[in-house]
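# Structural characterization, general
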Amino acid sequence: MVNVTRPRFEYILHVMNHSTYHRGQIITIGRNVGLTDAPMTDFNINNFFGKSAT
């Protein structure tokens, strides 16, 4: 067994990119079933602008 140590930022980056992938999947599924106006899916934008941005 090989012991490989990775910097923490690589794991954080992976988690962020992976969640973006799944958000895209959810939007695509919604469009495939006929939804045309997706709600705000960006957590940071939603926190910054609040409900008025949706």
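Check the entry above for the structure.
First things first, this report covers the structure right here in the doc. (Residues numbered from 1 in each chain as written. Predicted model: local features only at pLDDT ≥ 70, side-chain atom pairs only at ≥ 80, totals over all residues. Heavy atoms only, no water.)

A separate point is the pattern of salt bridges. Applying the stated rule across the entire model yields one salt bridge. Salt-bridge contacts for Glu10 lead to Arg6; the nearest nitrogen and oxygen are separated by 3.9 Å. Residue Glu10 is classed as partly exposed on the basis of its relative accessible area of 34%. (Salt bridge = Lys/Arg side-chain N within 4 Å of Asp/Glu carboxyl O. Buried < 20%, exposed > 50% of the residue type's maximum accessible area, 1.4 Å probe, protein only.)

Mapped onto the fold, Thr20 is located in helix α1 (residues 8–32). Residue classification places Thr20 among the partly exposed positions, given a relative accessible area of 41%. Separated by 22 residues in the primary sequence, Thr20 and Asp42 have C-alpha atoms spaced 9.2 Å apart. (Helix = DSSP H or I, 4+ residues; strand = E, 2+ residues; numbered from the N terminus.)

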